[in-house]
Amino acid sequence: MNKISYTLSAVALALVLSGCSQPSAQEGQQPPPLTIDVAQVKMAPVQSWHTFTTRLQAPERVVLKPRVSGQVEQMTFKEGERIEKGQILFRLDPRPFEVQVETLNAQLVSADAALMQAKSEARRAKQLVAEKAMSTELAEQRAATLRQAQANRDAIAAQLKKARLDLEFSQVEAPISGVVSRAIVTKGNYVSAGETTLATIVSDQQIYAYFDVDERTWSDKFAGVDATDAVTVQLQRINGGASVPGVVDFIDNEINPNTGTLGVRAVFDAQQHGLKPGAFARVSLGAADATTMPLVPERAIGTDLKNRFVLTVDANNTLQYRLVELGERYGAFRAIKSGLEDGDKVAANGPARVGPGMPITPNMVTLNLDDTRLVIAQRDTQLSAAN
């Protein structure tokens, strides 16, 4: 009986020892390193810029009004078409103006005849006075009559000149080249000089974008910029698409004390890019020339209190803590002013699941910057459209 008890005790002890030794063996096994995405920093030229909203304006815009009053006889253009400077757009009934010209022509002939007679009598009076056959008083009267005849003739000539101008103005010409609007007044309507709007014309070769830069931004980023530098800007339309290049061609001469902003104007090629006056757009102005900097994914950057850092991968595939100074953001990427160099590798997804000192298995990924705008343009770029 005692021998059986000893045997059972030995078996139980062996099982306990076996159970105790199994966890110890498992604790000695190390888990495999975590596989994470790793990217080599991308060195690329980047540029800081500021974006402003604007509405496009035509350099020239004319509200067409008649210079004489009359009835519209003919409209000689197609609404919405491009017209040239000097092209006749409206014709008023010319007959009243022609009658006035004919009347004044007749009056001028009469005035010329009266003037010739007055000149002849004045010459005769001088001779008679010299011969003492006429009094000085009567001679002076003939001289005065001559001056009156001359003044009358000059007045009629001036009226005739105006009448001829009115006849010329009965044909309303385009003062600029551009695109004409719809006709506000059509055939048969009576129009008043300087009051009735016939149509509007806007130039279509170039287009302006006016925008305001706040005083602090201008002083910090653009203090050395002059309109003669032809600083390149980029225009982005509201519907997206390719950006449109242009240049700054005007900077106001003073800061508006009411708004604290400085007025700036950029010019673009309207015909080449199909830009229309009145359209909403955004204008981006580069603050400096492009500088080559390291670029990393924005999500690769972590925050440690007030510090920004990335996790770099060393030669032993171990993550290391690296403080960085951030630059501008470009889409999904961030420029790094200091802390990284060409050839450094970083944890592409940041410190979400990993930390410094951890060994990893790197899964190398490539940073694709093809669809990310990094540079507006160099400042010395000039456009033929702006010249």
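Look up a bit, the structure's there.
Please read these numbers as outputs of a predicted model, since none were measured by experiment.

Participant: Just to check I follow, could you spell out the environment of Leu104 for this structure?
Facilitator: Considering the arrangement of structural elements, one finds Leu104 in helix H2 (residues 95–130). For the pair Leu104 and Arg164, spaced 60 residues apart in sequence, the C-alpha separation works out to 9.8 Å. Sequence-distant contacts of Leu104, defined by excluding residues within four places in its chain, comprise Ile156, Gln159, Leu160 and Ala163.

Participant: Can you help me understand the packing of aromatic side chains in this one?
Facilitator: By convention here, two paired aromatic rings are described through the distance between centres and the angle between planes. Evaluated as defined, the whole model comprises six aromatic pairs. Relative to Tyr321, the ring of Phe309 has its centre 4.8 Å away and its plane inclined at 25 degrees; by these criteria the two rings are stacked. With a gap of twelve residues between them, Phe309 in strand S19 (residues 307–313) and Tyr321 in strand S20 (residues 319–323) connect regions that are remote in the sequence. Residue classification places Tyr321 among the partly exposed residues on the basis of a relative accessible area of 34%. Above the plane of the ring of Tyr208 lies Arg265, whose end atom (NZ or CZ) is 4.0 Å from the centre.

Participant: Got a minute to help me understand the environment of Pro294 in this structure?
Facilitator: With respect to the element layout, Pro294 can be found in strand S17 (residues 291–297). A relative accessible area of 7% places Pro294 in the buried class. In this structure the C-alpha to C-alpha distance between Pro294 and Gly327, which are 33 residues apart in sequence, comes to 9.6 Å. Residues contacting Pro294, with those up to four places away along its chain left out, are Val41, Lys42, Met43, Arg334, Ala335, Ile336 and Leu340.

Rules used in this analysis
Residues numbered from 1 in each chain as written. Predicted model: local features only at pLDDT ≥ 70, side-chain atom pairs only at ≥ 80, totals over all residues. Heavy atoms only, no water. Helix = DSSP H or I, 4+ residues; strand = E, 2+ residues; numbered from the N terminus. Contact = heavy atoms within 4.5 Å. Phe/Tyr/Trp six-rings, centres within 6.5 Å; stacked < 30°, edge-to-face > 60°. Buried < 20%, exposed > 50% of the residue type's maximum accessible area, 1.4 Å probe, protein only. Lys NZ or Arg CZ within 6 Å of the ring centre and 35° of its normal.

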